[in-house]
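# Commentary on secondary and tertiary structure
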Amino acid sequence: MPASPWQKSSFSNEEGNCVELARATAERLLIRESDAPDTVLATNPARLKALLQRLKA
């Protein structure tokens with residue numbers, strides 16, 4: 001279980017379908033889709049930042 005509670009994206013739709021993040025440790029973030037909460041991906045802040053920058057480009 002993550003050390004911090006799951007946080008929903010500010011871009012979530014009215015039905016609540018969205019990406020959720022939780023911090024497991026200082027160097028580990030957990031990501032899940034709200035409609036499939038049992039599937040959890042783990043990454044670190046640097047990799048998530050790089051992914052988001054590529055998606056915005």
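Residues numbered from 1 in each chain as written. Predicted model: local features only at pLDDT ≥ 70, side-chain atom pairs only at ≥ 80, totals over all residues. Heavy atoms only, no water.

Our next topic: the pairing of strand β2 (residues 19–25). Here strand β1 (residues 7–8) runs beside β2; their pairing, made up of two bridges, is antiparallel. Across the sheet, Q7 pairs through a bridge with L21, a residue of β2. As paired elements, β2 and strand β3 (residues 28–33) share six bridges and run antiparallel to each other. From the neighbouring strand, T25 faces β3, where its bridge partner is R28. The loop that links β2 with its antiparallel partner β3 comprises two residues. (Pairing = 2+ DSSP bridges. Helix = DSSP H or I, 4+ residues; strand = E, 2+ residues; numbered from the N terminus.)

That's the geometry; what it means functionally is another story.
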